[in-house]
Number of protein chains: 4
Amino acid sequence: MLNINRYQDITKLENEAKKDYIDRHTPFIHTNGEAKKGELHPVTIKMGQEFAHPDDFDHFISQISLFNKNQKLAEATFLPGALGNVKGHMEITFNVVFDKNAELYAQSYCTKHGIWESDPQKIYVQ
Amino acid sequence: MLNINRYQDITKLENEAKKDYIDRHTPFIHTNGEAKKGELHPVTIKMGQEFAHPDDFDHFISQISLFNKNQKLAEATFLPGALGNVKGHMEITFNVVFDKNAELYAQSYCTKHGIWESDPQKIYVQ
Amino acid sequence: MLNINRYQDITKLENEAKKDYIDRHTPFIHTNGEAKKGELHPVTIKMGQEFAHPDDFDHFISQISLFNKNQKLAEATFLPGALGNVKGHMEITFNVVFDKNAELYAQSYCTKHGIWESDPQKIYVQ
Amino acid sequence: MLNINRYQDITKLENEAKKDYIDRHTPFIHTNGEAKKGELHPVTIKMGQEFAHPDDFDHFISQISLFNKNQKLAEATFLPGALGNVKGHMEITFNVVFDKNAELYAQSYCTKHGIWESDPQKIYVQ
């Protein structure tokens, strides 16, 4: 079974290398949880909060996908070099029109460490 | 040979349907032309300036790609429904780290009307 | 948490609609389990064994990915219409060069019924 | 304007390096030009005829797309390593159902040398 990695609260971890590993691989969803029906609503997905991920040719974030429950809305694919081949927080802003309440998930893919999934983010639409 | 459609100045066109057709299919790059070396620089690509494109199951914008000269940096793939199945301006923000001057191009793909390419956008890096 | 659907042995199911639902959504890996080191080795992924999936604009298989353990090797993205908009078994053949034993997984994505994962397929390399 | 590279008859070139450069970057379509209406028809796209392309982390074929005239049917995205990081002829077989005559084009993308386009391949459907 393919391993789907999920976020663990890194403040509860003691090992600095493990904090770094988990934080930099986790896609975090940044968005306003209240959306207006029928209007473009920006949803930013940013990798890591404290620790930055490499952008090396043999080790980079190659994909970030956005789901509403189990329905994929959009997906971004990156080539190495988009971050200038230096460590950074890969970040993408999708713009979605919601017509009813949603529950967002992001998945990211690291070419060395596989699939990672965000916590859910509810969107209330009015 | 695959047809690569390019923008024409719609203010010079008389036919309203043709203005609509060209404008809504063209990817426009919105970004600051001056970037700081080594910093994340947002590059937004938005489809159309005046006219919105359908988001129907059989007619939608399924892809927007960002190139620096002939090098692809990133690509976003959309499923129908991301715009709530209503007409809209598909829009995506990539964030790129430039280490030297760049010349950006966007390509988009419409499931009925093929590949479209933006005008170039120069980025000066200091 | 995103739902990852997995194959169930449909011969043990009584409900015909459920057999159809599970079979047509499951990616099956067809390949020779013994590969020669350094040679192109075809790996075919075919959706369903008995039941065919729709290729409608609002309901189709949009993606099939191939993994070696948690490392993605390749991914195919389909637009509706590739199967002529009739029911069919979506099928793709990737060609991979293995340099050591591998354990393959396929994931597929249905625009209505989400992510599905194959059983693992071991590859012995000599 | 993005450069779309096209095949040149390499038998007419004298420079061996240029023959190699053009051949290994060109997607060649291999298929039966006569298809039966409503049946899965395999379409293989293979990079190069004589010269193999590297599969290095910083230099590989990352994408092969299949079009019928200006309509995209499917697209395969590769990660480096699919060819075991050795030189090879990247090859993919899509299976398409044609309901009328078609004119196929393949596009490939090399992470160092950009977009390349195949000669057209006619499909007669009966």
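In this text, all values refer to a predicted model and were calculated from it rather than measured experimentally. (Residues numbered from 1 in each chain as written. Chains lettered and ligands numbered in written order. Predicted model: local features only at pLDDT ≥ 70, side-chain atom pairs only at ≥ 80, totals over all residues. Heavy atoms only, no water.)

**Student:** Mind laying out the overall build of chain A, listing which residues take part and the relevant values?
**Tutor:** Along chain A, the regular secondary structure elements total one helix and ten strands. Mapped in sequence order, the helices and strands of chain A form the string β-α-β-β-β-β-β-β-β-β-β. With the principal axes as the frame, chain A shows a C-alpha extent of 45 × 35 × 30 Å. Contacts in chain A between residues at least 24 apart in sequence constitute 63% of all its contacts with a sequence separation of at least 6. Accessible area of chain A: about 5400 Å², with a carbon and sulfur share of 45%. (Helix = DSSP H or I, 4+ residues; strand = E, 2+ residues; numbered from the N terminus. Contact = heavy atoms within 4.5 Å. Areas by Shrake-Rupley, 256 points an atom, 1.4 Å probe, with all protein chains shown as cover.)

**Student:** Hey, could you go over the relation of the copies chain C and chain A for me, with residue numbers and the actual values?
**Tutor:** Overlaying chain C with chain A gives an RMSD of 0.0 Å, the required rotation being 180 degrees about an axis along which the chain moves by 0.0 Å. Such a turn and shift between the copies fits a two-fold axis. In terms of C-alpha distance to the rotation axis, chain C has C:Ile4 as its closest residue, with the C-alpha 4.7 Å off the axis. Counting the interface residues of chain C, we find that 100% of their copies in chain A are interface residues as well, pointing to one common contact surface. (Least-squares fit on C-alpha atoms with pLDDT ≥ 70 in both.)

**Student:** I'd like a description of the relation of the copies chain B and chain A, backed by residues and values.
**Tutor:** It takes a turn of 180 degrees to lay chain B on chain A, together with a shift of 0.0 Å along the axis; the resulting RMSD is 0.0 Å. Interface overlap between copies is the fraction of interface residues in one copy that are interface residues in the other; for chain B against chain A it reaches 100%, indicating a shared surface.

**Student:** So what about the packing of aromatic side chains? Which residues, and what values?
**Tutor:** Under the definition given, this model contains twelve aromatic pairs over all chains. Their ring planes at 75 degrees and their centres at 5.2 Å tell us that D:Tyr7 and D:Phe28 sit as a pair that is edge-to-face. You can see D:Tyr7 sitting in the loop between β1 (4–6) and α1 (16–25) and its partner D:Phe28 sitting in strand β2 (residues 27–30), a full 21 residues away along the chain. The ring of A:Tyr109 carries the charged tip of C:Lys72 above its face, separated from the ring centre by 5.1 Å. (Phe/Tyr/Trp six-rings, centres within 6.5 Å; stacked < 30°, edge-to-face > 60°. Lys NZ or Arg CZ within 6 Å of the ring centre and 35° of its normal.)

**Student:** Which residues make up the sheet that holds strand β7 (residues 91–97) of chain D, and what values do they have?
**Tutor:** Taken together, the six strands give an open sheet; going across it, the order is β2(C)-β4(C)-β7(C)-β7(D)-β4(D)-β2(D), and neighbouring strands pair in antiparallel fashion. Two strands in the sheet have a free side with no partner beyond their single neighbour: β2 (27–30) of chain C together with β2 of chain D. The sheet shows a mean angle of 20 degrees between the axes of neighbouring strands, direction not considered. Here strand β4 (residues 40–47) of chain D pairs with β7(D) via seven bridges, running antiparallel. Residue pairing across strands places D:Val43 opposite D:Phe94, the latter belonging to β7(D). (Pairing = 2+ DSSP bridges. Axes fitted to C-alpha atoms, helices over the stretch in contact; angles between N-to-C directions.)

**Student:** Account for the interface of chain B and chain A, with residues named and values stated.
**Tutor:** Counting residues at the interface gives 25 residues for chain B and 25 residues for chain A. In total, chain B and chain A occlude about 1900 Å² of area from one another, counting both sides; carbon and sulfur atoms represent 54% of this. Looking only at chain B, the three residues that lose the most surface to chain A are B:Ala82, B:Asn95 and B:Val97, adding up to 21% of its buried area. For the pair chain B and chain A, the number of links is zero salt bridges. The interface formed by chain B and chain A contains nine residue pairs in polar contact (both at pLDDT 80 or more). (Buried area = accessible area lost by both parts, 1.4 Å probe. Salt bridge = Lys/Arg side-chain N within 4 Å of Asp/Glu carboxyl O. Polar contact = N/O pair within 3.5 Å; in protein donor to acceptor, adjacent residues only side chain to side chain.)

**Student:** So what's going on with the interface of chain C and chain A? Which residues, and what values?
**Tutor:** The partner chain A presents 19 residues to the 19 residues of chain C that form the contact. In this assembly, chain C packs against chain A so that about 1700 Å² is buried in total across both faces, 53% of it on carbon and sulfur atoms. For the chain C face of the interface with chain A, the top three residues by lost area are C:Met1, C:Leu2 and C:Asn70, together amounting to 37%. Joining chain C to chain A, the criterion identifies zero salt bridges. The interface formed by chain C and chain A holds twelve residue pairs in polar contact (both at pLDDT 80 or more) in total. At the level of secondary structure, the elements contributing two or more residues to the side of chain C that touches chain A comprise β1 (4–6), β5 (61–68), β6 (71–78), β8 (102–110) and β9 (114–117) of chain C.

**Student:** Give a description of the side chain of C:His89 that names residues and reports values.
**Tutor:** Residues and elements named next belong to chain C. Here His89 is to be found in the loop between β6 and β7 (91–97). Among the polar contacts made by the side chain of His89, one reaches the main-chain carbonyl oxygen of Met47 at a distance of 2.8 Å. A polar contact of 3.5 Å, which involves the side chain of His89, links it to the backbone oxygen of Gly48.

**Student:** Go over the confidence of the model for chain A, please, and point to the residues and values.
**Tutor:** Averaged over all residues, the pLDDT of chain A equals 96, while 100% of them reach at least 70. Scoring the predicted complex yields pTM 0.96 and, for the interface, ipTM 0.95. (pLDDT = per-residue confidence, 0-100.)

**Student:** If you had to explain the sheet that holds strand β4 (residues 40–47) of chain A to someone new, which residues and values would you point to?
**Tutor:** Strand pairing within a sheet occurs via backbone hydrogen bonds; the two strands may be parallel or antiparallel. One open sheet holds the six strands; their spatial order is β2(A)-β4(A)-β7(A)-β7(B)-β4(B)-β2(B), and the pairing between them is antiparallel. Each edge of the open sheet carries a strand with a single partner, namely β2 (27–30) of chain A together with β2 (27–30) of chain B. For this sheet, the mean angle separating the axes of adjacent strands, direction not counted, is 20 degrees. Where β2(B) lies against strand β4 (residues 40–47) of chain B, four bridges are found, and the strand directions are antiparallel. Residue pairing in the sheet places B:Ile29 in a bridge with B:Ile45 of β4(B).

**Student:** Mind laying out the pairing of strand β6 (residues 71–78) of chain A, listing which residues take part and the relevant values?
**Tutor:** For β6(A), the buried fraction is high: seven of the eight residues fall into the buried class. By the bridge criterion, six bridges tie strand β5 (residues 61–68) of chain A to β6(A) in an arrangement that is antiparallel. Considered in β6(A), the bridge of A:Ser65 is made with A:Glu75. Where β6(A) meets strand β6 (residues 71–78) of chain B, five bridges bridge the pair, whose relative direction is antiparallel. Bridging from a neighbouring strand, A:Thr77 pairs with B:Glu75 of β6(B). (Buried < 20%, exposed > 50% of the residue type's maximum accessible area, 1.4 Å probe, protein only.)

**Student:** So, helix α1 (residues 16–25) of chain A: which residues are in play, and what are the values?
**Tutor:** Residue and element names in this part refer to chain A. Buried within α1 we find Lys19, Asp20, Ile22, Asp23, Arg24 and His25. Of the surrounding elements, those touching the buried residues of α1 are β2, β4, β8 (102–110) and β9 (114–117). Put simply, Asn15 is the residue that caps the front of α1, since its side-chain oxygen is 2.8 Å from the backbone nitrogen of Ala17.

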